[in-house]
Amino acid sequence: MIDLEAEKNKKVTALLIGEPGVDLGELKGLVDTLGLETVRAVSLTRREITPAYGMGKGKAEELSALAEELSADVIIFDFEIDPRKQRNWEKLSKRPVFDRQEVILRIFADRAQTKEATLQVQLARLEYSLPRLAHSYGDMARQRGGNFGSKGSGETQLELDMREIREKIRLVKKELKQVVKDRETQRKRRESVPIPTCALVGYTNAGKSSLLNALTGADVFIEDKLFATLDPTTRKMQLQNGANILLTDTVGFISNLPHSLVNAFKSTLEEAERADLVLLVLDSSDEKIEFQYSTVTRVLEEINADKSPRIIVLNKIDKLLERGDGEIVLAKLNSLFPGNVKVSARTREGFGTLTEKISETLMGREKDYIIPTDKAGILSEARKTGFIIEENWLDDGVHVKMKSGGLSSNARLEALIAEYENGSGGGENG
């Protein structure tokens, strides 16, 4: 007798196929996130690019037979499969076949929460599906329309559907443009108040959202899965000296992020490009941390955010030190990423050092000055930036503790301080 409940809860199984020499661990993680079960992961020994299957027919038949033997429900490729090859593979294997890009698109569709993220994913999926429409038709000769006396026999169903998708793409782009415009208005409103901005960027599942929650008291959704968060979340964070900054969590990066998604999420990724400071978060306990770093820096280059000042944050340091080789690995990481800050979002270890480094990078070093009363212009300019920590008017001048020299200091203030320091020949206590 068939156990209906077990049948209902049975996971869809997948056979993964990758290029020669490529580790399929990342694709397996994506497939797990999608809720599928991997029954076998196969890396090709060599890949012969052919029009029909992207590899030799004999190898394609061998892999199809393996899928049958393993009772795999689907075949997933770690590399791109064009519509023609996808059709050929499905005819050969008699099961659904798709590539890494479609896996990511499906995850994004499941994770999108806000209107902007939903529209971005919808746009990416429509653009991905357009050239694959023919794949879903068995008879390309079906036609609709064609009135008596008109030229031709009318449009095929495929042509009509493609036209409909193009129209949907146009409408989604139009709606997305308005949403992005509204976001731009909100951003300008934020920028009208001189509060420095920081963007958390990093490989997906590096712990960015956990870090945002721990640093700001936010309640961003977190889960131990890839792409748990798609929507950028901005929260105010107070530094040790009382100054405030805006901290933004961004969508996680991954190797070979489809260009359609990079383009669709351009406005979201711009948060990293426009930030005064980038906190590049890495999972210190992950054995592939160097791969994560190179992936993130490559995506930052793609979105023109590689010029922004950055601090490398080694997260999950507690998890690393629990390992037997933790100290050895840590020494290696210090060599690979000099000047890094080690933290744990779970235990809050290293938060003091991190906030101090953020403060120093954004606002400069703390110094004590005795400003003559006739140089009060320095104070007026410093008040605009909010970098005066302490101010006491005494007989010999104004005793001031302020920060200067950071990324957010304005040029006018720096020029006034330099003029004062060079012209007065002294007056600084610290």
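Residues numbered from 1 in each chain as written. Predicted model: local features only at pLDDT ≥ 70, side-chain atom pairs only at ≥ 80, totals over all residues. Heavy atoms only, no water.

A word on the pattern of salt bridges
Opposite charge on two side chains allows them to pair when their charged atoms are near. Rule in force here: Salt bridges are identified by distance alone: a Lys or Arg side-chain nitrogen within 4 Å of an Asp or Glu carboxyl oxygen. Runs of E in the DSSP output that reach at least two residues are strands. Runs of H or I that reach at least four are helices, and both are numbered from the N terminus. Between buried and exposed lies partly exposed: a residue is buried under 20% and exposed over 50% of the maximum accessible area for its type, with that area taken using a 1.4 Å probe on protein chains only.
Per the counting criterion, the structure on display carries 19 salt bridges. Ionic pairing is found between Arg 170 and Glu 167, a salt bridge with its closest N-O pair at 2.7 Å. A residue pair is termed a helical-turn pair when its members lie 3 or 4 positions apart in one helix, as Arg 170 and Glu 167 do in helix α7 (residues 157-191) at three residues. Here Arg 170 falls in the partly exposed class, since its relative accessible area comes to 45%.

Comments concerning the packing of helix α3 (residues 57-70) against helix α4 (residues 83-93)
Selection rule: Fitted lines through C-alpha atoms give the axes, limited to the stretch in contact for helices. The angle between two N-to-C directions lies from 0 to 180 degrees. Comment on the angle field: the value is read as roughly parallel under 35 degrees, roughly antiparallel over 145, roughly perpendicular from 65 to 115, and oblique elsewhere. In this scheme the handedness of a crossing depends on how the near helix is turned from the far one: anticlockwise by less than a right angle means left-handed, clockwise means right-handed. Note on definitions: a residue-residue contact is assigned when non-hydrogen atoms from the two residues lie within 4.5 Å.
As a packed pair, α3 and α4 sit with axes 9 Å apart at the nearest point and diverge in direction by 55°. It follows from the interaxial angle that α3 and α4 lie oblique. The interaxial crossing formed by α3 with α4 has right-handed handedness. On α4, the residues touching Ala 60, Glu 61, Leu 63 and Ser 64 of α3 are Trp 89, Leu 92 and Ser 93.

Focus on the environment of His 399
Short version of the rule: Pairs of N or O atoms are called polar contacts if they sit within 3.5 Å, as long as, within protein, a hydrogen donor faces a hydrogen acceptor (for residues adjacent in sequence, only side-chain-to-side-chain pairs).
Note on placement: His 399 falls in strand β15 (residues 397-405). Between the C-alpha atom of His 399 and that of Tyr 369, which follows or precedes it by 30 residues, the distance is 5.8 Å. If sequence neighbours within four positions are ignored, His 399 has contacts with Tyr 369, Ile 370, Glu 390, Glu 391, Asn 392 and Leu 394. Reaching out from His 399, the side chain makes a polar contact with the side chain of Asp 396 at a distance of 2.9 Å.

Quick notes on the sheet that holds strand β11 (residues 310-315)
For the record, the criterion: Should DSSP find at least two bridges between two strands, the strands are regarded as paired.
Read across the sheet, six strands follow the order β8-β9-β7-β10-β11-β12 without closing on themselves; strand pairing throughout is mixed. The sheet is open, and its two edges are formed by β8 (233-238) and β12 (341-342), each paired on a single side. Here β11 runs beside β12; their pairing, made up of two bridges, is parallel. Paired with Leu 314 across the strands is Lys 342, a residue of β12. Across the sheet, helix α8 (residues 208-216) is in contact with β7 (197-202), β8, β9 (244-249), β10 (277-283) and β11; its angle to β9 comes to roughly 155°.

Re the nonpolar core
The test is simple: We call a set of buried residues a nonpolar core when its members are Ala, Val, Leu, Ile, Met, Phe, Trp, Tyr or Cys and they connect through side-chain atoms within 4.5 Å of each other.
Residues Ile 76, Val 201 and Leu 300 are the most contacted members of the largest nonpolar core, which totals 44 residues. In contact with Val 201, not counting residues within four places along its chain, are Lys 208, Thr 250, Phe 253, Ala 272, Val 278, Leu 279, Leu 280, Val 281, Val 296 and Leu 300. In this structure, Leu 200, Leu 247, Phe 351 and Met 363 belong to the second largest nonpolar core, which totals 26 residues.

A word on the sheet that holds strand β1 (residues 13-18)
Strand order in this open sheet of four strands is β2-β1-β3-β4, and the pairing throughout is parallel. The strands lining the two open edges of the sheet, one partner per strand, are β2 (37-43) and β4 (97-99). Ignoring strand direction, the axes of neighbouring strands in this sheet form an average angle of 25°. The pairing of strand β3 (residues 74-77) with β4 spans three bridges and is classified as parallel.

Topic: unusual backbone geometry
Positive phi values are uncommon outside glycine, yet Lys 94 reaches one of about 60°. Its place among the elements puts Lys 94 in the loop between α4 and β4. The exposed category is assigned to Lys 94, whose relative accessible area is 70%. Non-glycine residue Lys 316 carries a positive phi angle of around 60°. In this structure, Lys 316 sits in the loop between β11 and α12 (317-321).

Looking at the packing of aromatic side chains
Each aromatic ring pair is characterised by the separation of its centres together with the angle its planes make. As a reminder of what qualifies: Centres within 6.5 Å are what make two rings of Phe, Tyr or Trp a pair, Trp counting through its six-membered ring; a difference in plane orientation under 30 degrees is then read as stacked, over 60 as edge-to-face, and the rest as tilted. Only Lys NZ and Arg CZ are tested; either one counts as a charge over a ring when it is within 6 Å of the ring centre and within 35 degrees of the ring normal.
Within the structure shown, the criterion is met by five aromatic pairs. Pairing Tyr 53 with Trp 89 gives two aromatic rings, centres 5.8 Å apart and planes at 80°, and the pair type is edge-to-face. A residue pair is termed long-range when its members are at least 10 positions apart, and Tyr 53 in the loop between β2 and α3 and Trp 89 in helix α4 qualify at 36 residues. Seen from their ring centres, Tyr 203 and Phe 291 are 6.2 Å apart, and the 65° between their planes marks the pair as edge-to-face. Placement of the pair is Tyr 203 in the loop between β7 and α8 and Phe 291 in helix α11 (residues 289-302), with a sequence separation of 88 residues. Note on Phe 291: relative accessible area 36%, which makes it partly exposed. Aromatic rings pair up to connect Tyr 53, Phe 77, Phe 79 and Trp 89 into one cluster. Its end group placed over the ring of Phe 98, Arg 106 keeps NZ or CZ at 4.4 Å from the ring centre.

Here's the deal with the confidence of the model for the protein
Filter applied, for reference: Residue-level confidence of the predictor is summarised by pLDDT, bounded by 0 at the bottom and 100 at the top.
Overall, the predicted model of the protein reaches an average pLDDT of 80, with 79% of residues at or above 70. Mean pLDDT per element in the protein: strand β5 (residues 143-144) is the minimum at 38, and β12 is the maximum at 97. For residues 137-154, every residue scores under 50 in pLDDT, and the model assigns this stretch 23 contacts once sequence neighbours within four places are set aside. Low pLDDT, under 50, characterises residues 425-430; the stretch is placed with 14 contacts to residues that sit more than four places away or in other chains.

Looking at helix α14 (residues 351-363)
Worth spelling out the cut-off: Between the first and last residue of a helix there are one fewer steps than residues, each counted as 1.5 Å, and that sum is the expected span. Directions pointing from the helix axis toward each C-beta atom define the arc.
A rise of 1.5 Å per residue sets the reference length of α14, with its 13 residues, at 18 Å; its end C-alpha atoms lie 18 Å apart and thus fit the reference within 8%. Of all the residues in α14, the buried ones are Phe 351, Leu 354, Thr 355, Ile 358, Ser 359, Leu 362 and Met 363. Across the axial projection of α14, the buried residues extend over an arc of 130°, all falling on one side. Once α14 ends, the next one or two residues include Gly 364, with phi positive near 90°.

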